[in-house]
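The residues making up each chain are set out below.
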Amino acid sequence: MLGRRPSPVHLASAHAVVTGGSSGIGLATARALAERGTKISLLARGQDRLETAAAELRQTGAHVATRQADVADQKALTAALAGLVEAQGPCDILVTSAGIARPGHFLDLPDDVFRQMMEVDYFGTLYALRAIVPSMVDRRRGSVVAVSSAAGLLGIFGYSAYGPAKFAVRGLMESVRAELAPHNVHAGVVFPPDVDTPQLAEENRWKPAETHAISGTIKPLSAEAVATAIVSGIESRQFLICPGAATRALARYGSILSPMLNGRFDRKVAALRRSGKTR
Ligand SMILES: NC(=O)c1ccc[n+]([C@@H]2O[C@H](COP(=O)([O-])OP(=O)(O)OC[C@H]3O[C@@H](n4cnc5c(N)ncnc54)[C@H](OP(=O)(O)O)[C@@H]3O)[C@@H](O)[C@H]2O)c1
């Protein structure tokens, strides 16, 4: 079996678990998969948004189950995922979209924010994989896709807590890709730029002026565009899933591009400081 060309999961007969599936990129991905006939399981903390999302998906004819859990709580997450598998059958597709972002100046951010980003964004991804991947390996079938970020490709001003957690997600997925491929289990990692979701609105409240200046006037992508890239990445078993040309270039040529980008961003920060608009 080793060395044989891997086969993608057939979406119409699959069961997909989406962490963070009650909002933003996770919900858009759940919608896109449900349109293909995939059974959907949504996991998040808040019951209200889970119920609203599930009701919307059921209206389209989808089979939907939900569970509440904090992805940073391994015991609770593992139990919730087991409940979803019991309700809807073995998991064929895992998308880990649950995440939070808290920008700020390195010198101002409280210590617990650095820990929280790792616990939710990195360990929340790791725990979901640890719970689901063994059964995919046993069944020689599955696709696991983790949502990282453009901030997981390049160190960006204001993201000293969030960025390292998303770098860790990327490192995890690069390692497991190689280990899972011989078992016919696909691993992919998504690097979205700014995406128009509730998280971005929350993030914008905390961004230092310099971070705003760096992102400039770039229009955020829609969650639907990211979801389309994720579904296409699952179907074609891509490892790098890069919605948008800029993150695609960064993912492929990051080590070559980063000195030039860092120089450009440094000049923007310097100009802002000269204007007196920073602290
Ligand atoms: N939006 C962007 O610009 C952008 C860019 C790059 C990468 N990303 C990444 O994309 C992913 C999705 O973000 P989004 O923009 O779609 O955000 P969103 O709209 O705020 O959705 C986040 C989802 O994650 C859930 N969640 C948050 N913390 C959780 C926890 N501790 N345990 C379980 N569920 C949790 C939320 O539900 P509850 O709050 O009810 O738990 C919600 O369902 C995140 O990993 C984010 O870092 C976003």
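Just above, that's the structure.
Residues numbered from 1 in each chain as written. Predicted model: local features only at pLDDT ≥ 70, side-chain atom pairs only at ≥ 80, totals over all residues. Heavy atoms only, no water.

Draft legend 1. Spotlight on the site of the ligand. Taken together, 30 residues lie around the ligand, and Ser 22, Ser 23, Ile 25, Tyr 162 and Thr 197 are the ones closest in. Contact between the ligand and Gly 24: an oxygen atom at 3.4 Å from a main-chain N or O atom of the residue. Among the elements of the structure, helix 1 (24–35), helix 5 (162–180) and helix 6 (198–206) are those that each provide at least two residues to the shell around the ligand. By residue number, the principal contributor to the shell around the ligand is helix 6, which donates 3 residues. (Near = heavy atom within 4 Å. Polar contact = N/O pair within 3.5 Å; in protein donor to acceptor, adjacent residues only side chain to side chain. Helix = DSSP H or I, 4+ residues; strand = E, 2+ residues; numbered from the N terminus.)

Draft legend 2. Local environment of helix 3 (residues 74–88). The end-to-end C-alpha distance of helix 3, which contains 15 residues, comes to 21 Å, matching closely the 21 Å that a straight helix rising 1.5 Å per residue would cover. Listed as buried for helix 3 are Leu 77, Ala 80, Leu 81, Gly 83, Leu 84 and Gln 88. Buried positions in helix 3, seen along its axis, are confined to an arc of 155° and lie on one side of it. Looking at helix 3, the residues exposed on the side facing more than 90 degrees away from the buried face are Lys 75 and Glu 86. On the buried face of helix 3, the contacting elements are strand 1 (15–19), strand 2 (39–44), strand 3 (64–68) and helix 4 (111–139). Positive backbone phi, approximately 95°, marks Gly 89, located one or two places after helix 3. (Expected span 1.5 Å × (residues − 1). Buried < 20%, exposed > 50% of the residue type's maximum accessible area, 1.4 Å probe, protein only. Arc of directions from axis to C-beta. Contact = heavy atoms within 4.5 Å.)

Draft legend 3. Quick peek at the packing of helix 1 against helix 2 (residues 47–59). Two elements in contact, helix 1 and helix 2, have axes separated by 10 Å at closest approach and are oriented at 20°. On the basis of the axis angle, helix 1 is roughly parallel to helix 2. As for the relative orientation of helix 1 and helix 2, their crossing is right-handed in sense. Of the residues in helix 2, those in contact with Leu 27, Ala 30, Arg 31 and Ala 34 of helix 1 are Ala 53, Glu 56 and Leu 57. Of the residues contributing to the contact of helix 1 with helix 2, the split by class is 5 nonpolar, no polar and 2 charged. (Axes fitted to C-alpha atoms, helices over the stretch in contact; angles between N-to-C directions. Parallel < 35°, antiparallel > 145°, perpendicular 65-115°, else oblique. Left-handed = near helix turned anticlockwise from the far one by under 90°. Nonpolar A, V, L, I, M, F, W, Y, C, P; charged D, E, K, R; others polar.)

Draft legend 4. Geometry of the packing of aromatic side chains. One pass over the full model with this rule turns up 4 aromatic pairs. Ring centres of Phe 106 and Phe 114 lie 5.9 Å apart, and the angle between their planes is 85°; this geometry places the pair in the edge-to-face category. On the basis of an interplanar angle of 70° and a centroid distance of 5.0 Å, the ring pair of Tyr 122 and Phe 123 is categorised as edge-to-face. Taken together, the ring pairs in this structure connect Tyr 122, Phe 123 and Tyr 127 into an aromatic cluster. Its end group placed over the ring of Trp 206, Arg 102 keeps NZ or CZ at 3.5 Å from the ring centre. (Phe/Tyr/Trp six-rings, centres within 6.5 Å; stacked < 30°, edge-to-face > 60°. Lys NZ or Arg CZ within 6 Å of the ring centre and 35° of its normal.)

Draft legend 5. Up close: the nonpolar core. Core analysis: the biggest nonpolar cluster contains 42 residues, and Leu 43, Leu 81, Leu 94, Leu 129, Val 144 and Met 173 have the highest contact counts within it. At the level of elements, helix 3, helix 4, strand 5 (142–147), helix 5, strand 6 (185–190) and helix 9 (245–274) are the ones that each hand at least two residues to this core. In terms of residue count, the dominant contributor to this core is helix 4 (9 residues). Here Leu 43 is in contact with Val 18, Thr 19, Gly 20, Gly 21, Leu 50, Arg 67, Ala 69, Val 71, Leu 77, Ala 80, Leu 81 and Leu 84, once residues within four sequence places are set aside. Ranked by size, the runner-up nonpolar core spans 35 residues in total, among them Val 18, Val 95, Val 147 and Val 190. (Core = buried A, V, L, I, M, F, W, Y, C linked by side-chain atoms within 4.5 Å.)

Draft legend 6. Examining the side chain of Thr 19 more closely. For Thr 19, the position within the fold is in strand 1. Since its relative accessible area comes to 1%, Thr 19 is described here as buried.

Draft legend 7. Expanded view of the pattern of salt bridges. All chains considered together, the criterion is met by 9 salt bridges. With its nearest N and O atoms 3.0 Å apart, the salt bridge here joins Arg 139 to Asp 92. Linking Arg 139 in helix 4 with Asp 92 in the loop between helix 3 and strand 4 (93–96), this pair joins segments that are 47 residues apart in sequence. Overall, the relative accessible area of 33% leaves Arg 139 in the partly exposed class. Within this structure, Arg 31, Glu 56 and Glu 224 form a network of salt bridges that share partners. (Salt bridge = Lys/Arg side-chain N within 4 Å of Asp/Glu carboxyl O.)

Function cannot be inferred from these measures alone, as they are strictly geometric.
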